[in-house]
Every structure is written in structure tokens, then in C-alpha cells.
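# Observations on chain architecture
Single-letter residue listing:
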Amino acid sequence: MHSAAGGIGTLAVELVKVFGASTVIETAGTAAKRRIARELGGDAVVDFRSERWPQEVLAATGGRGVDVVLDAVGGDVGEQSFACLAPFGRLVTYGVSSQRLAFFAGSQLTHGNDSVVGYRLTSRLPLDDDEGPVARGVVGARLSLAAAGRLRVVVSEVLPLQRATDAHRALSDRRTVGKVVLTT
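As a starting point, this report considers the structure included with it. (Residues numbered from 1 in each chain as written. Predicted model: local features only at pLDDT ≥ 70, side-chain atom pairs only at ≥ 80, totals over all residues. Heavy atoms only, no water.)

### Side note on the overall build of the chain
We count it as follows: Numbering of helices and strands runs from the N terminus, with a helix taken as a DSSP run of H or I at least four residues long and a strand as a DSSP run of E at least two residues long. Radius of gyration here is computed from C-alpha atoms only, and the compact-globule reference equals 2.2 Å multiplied by the residue count raised to the power 0.38. Relative accessibility under 20% of the residue-type maximum defines a buried residue, over 50% an exposed one, and the middle range a partly exposed one, all with a 1.4 Å probe and only protein chains included. We call two residues in contact when some of their heavy atoms are within 4.5 Å.
Tallying secondary structure elements over the chain gives 8 helices and 7 strands in all. On C-alpha atoms alone, the chain measures out to a radius of gyration of 17 Å, which is about the 16 Å that the 2.2 N^0.38 rule sets for 184 residues. Seen through its C-alpha atoms, the chain measures out along the principal axes to roughly 50 × 40 × 30 Å. Residue burial in the chain is summarised as follows: out of 184 residues, 36% are buried. Summarising the internal contacts of the chain: among those between residues at least 6 apart in sequence, 52% fall at separations of at least 24.

See below:
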């Protein structure tokens, strides 16, 4: 789980544990973010800015590699993630916080029978009223997990709507941990 202390990462780490992942290895780029990632309950936390981070992930899996990488970073981190995959592993890319796309060659996929999957949540949300109950059901299920104490929402800042520009700047500069909430 790259960017484990980010807005999506903090929730995703907890969700994969709730849904039965046996080992969760988190990455984060600063000491403060790695501390938050540890508090979320992952089994290992790695600095993805270190040159040796793929080897650290492999060491945490006893050399096997991981079945799934969730990548919100892209760029070099996304490309280096292939070294962490177990045979038949899957790299799920859902963001580009590095502001550089990762590039993959077909030969990288065939070496370990791996796959790359792109995911964009907004493309999965229904846009018309006929499908609205599905989205409400998914959101409702997550809210039920939170209400039962099985999920924790990490909020780093609560800002008035007038400071939306500041919130977006902090997000794009990767200075946030967890969610940033705008209020009216």
C-alpha cells in the first residue's frame, strides 16, 4: 500500500485488514507519515524514498513478494513496484501523486505472470438516479464499519470552505495526512 498515510491510503489500509488481508506492507515518504501508517496496523512500514524499499518489501514477505500493490504514487515508485510482486501479482494504480506516470513494458508483465490494473473511483460511482441505491449501499457499508469501530477516519485538517485553495495546495504538495475536511 503506497501512500499509506494519505487520504485514500489511510482508509484502504484498514479496509484490506477488515476484509482479510493476511499481511499489509505500507509505504510512506516521511517519518511522520510512517508513524501514522504504523498506527493504522500494517505489518511493516517502508520508506518508498529509500533506494532499497523494494528489497525491504521482499524481506517483509520472506522473499515471496506481495500479491497486490495499491499505487497512488506512480512514476519511479510505480515502476519499481514490479520488483515487489509475487508470481501472478497485480499492480493496481489509482493515482499519480508524483505527477509522473509510471511506464510498463509487456515483458515486465510476462516475467512473473503479473498484471497492471487501473482504477478510478469516480468512474464507478453512478451518475443517474437509477443506480443511486448501489452507491448508497457501498457508502452505507463503510459507514457501518466506522460506526462499529472497525474503521478510523484520519483527519489532518478542518478548514473553512474559503480556504479550499489552501487545502488543494496542501494535497498537491503532499503535505497532508489522511483527509482534509472543508466546512461551510
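### Overview of the packing of aromatic side chains
For clarity, the threshold we go by: Think of it this way: a Phe, Tyr or Trp ring, Trp meaning its six-membered ring, pairs with another when their centres are within 6.5 Å, and the plane angle makes it stacked under 30 degrees, edge-to-face over 60, tilted otherwise.
Taken as a whole and judged by the stated rule, the model has 1 aromatic pair. Taking 5.1 Å as the distance between ring centres and 70° as the angle between the ring planes, the aromatic pair formed by phenylalanine 82 and phenylalanine 104 counts as edge-to-face. Here phenylalanine 82 is found in the loop between helix H4 (75–80) and strand S4 (85–93), whereas its partner phenylalanine 104 is found in the loop between S4 and helix H5 (106–111), with 22 residues between them in sequence. Relative accessible area serves as the criterion here: at 10%, phenylalanine 82 is assigned to the buried category. Of the residues examined, phenylalanine 104 reaches a relative accessible area of 31% and is grouped as partly exposed.

### Regarding the side chain of histidine 2
Put simply, the test is: Under this definition, polar contacts are N or O atom pairs within 3.5 Å; protein pairs additionally need one hydrogen-donor-capable and one acceptor-capable atom, and for neighbouring residues in sequence, both atoms have to be side-chain atoms.
Along the chain, histidine 2 turns up in the segment before helix H1 (7–18). A polar contact of 2.8 Å, which involves the side chain of histidine 2, links it to the side chain of threonine 27. Contact partners of histidine 2, with chain neighbours within four places excluded, come to Thr27, Trp53, Val69, Leu70, Asp71, Ala72, Val73, Val77, Ser81 and Tyr94.

### What about helix H8 (residues 164–172)?
Note: α-helices contain 3.6 residues per turn, so residues at a spacing of three or four share the same orientation. Just so we agree on the cut-off: By definition, the arc is the one covered by directions from the helix axis to the C-beta atoms.
Ala164, Ala167 and Ala170 are the residues of H8 that are buried. Taken end-on, H8 shows its buried residues confined to a sector of 125°, consistent with a single buried face. Buried residues along H8 sit against strand S6 (155–160) and strand S7 (179–183). Arginine 174 sits one or two positions beyond H8 and adopts a positive phi of about 60°.

### Some points on the environment of arginine 90
Here arginine 90 is to be found in strand S4. Once residues lying within four places of it in the same chain are set aside, the contact partners of arginine 90 are Asp67, Val68, Val69, Leu85, Ser115 and Val117.

### A word on unusual backbone geometry
For serine 3, which is not a glycine, the phi torsion comes out positive at approximately 55°. We note that phenylalanine 88 has phi near 65°; this positive angle belongs to a residue other than glycine. Structurally, the position occupied by phenylalanine 88 is in strand S4. Exposure remark for phenylalanine 88: the relative accessible area of 64% places this residue in the exposed category.

### So, the sheet that holds strand S3 (residues 66–71)
Stated formally: Two strands make a pair as long as DSSP finds a minimum of two bridges between them. Only the stretch in contact is used when a helix axis is fitted, and all axes are lines through C-alpha atoms; the angle between N-to-C directions ranges over 0 to 180 degrees.
One open sheet holds the 3 strands; their spatial order is S3-S4-S5, and the pairing between them is parallel. Each end of this open sheet is capped by a strand with a single partner; those strands are S3 and strand S5 (115–118). Averaged over all pairs of adjacent strands, the angle between their axes in this sheet comes to 15°, without regard to strand direction. Where S3 meets S4, 5 bridges bridge the pair, whose relative direction is parallel. In the sheet register, aspartate 71 faces S4, and the bridge partner there is threonine 93.

Everything listed here is a matter of geometry and, on its own, says nothing about what the molecule does.
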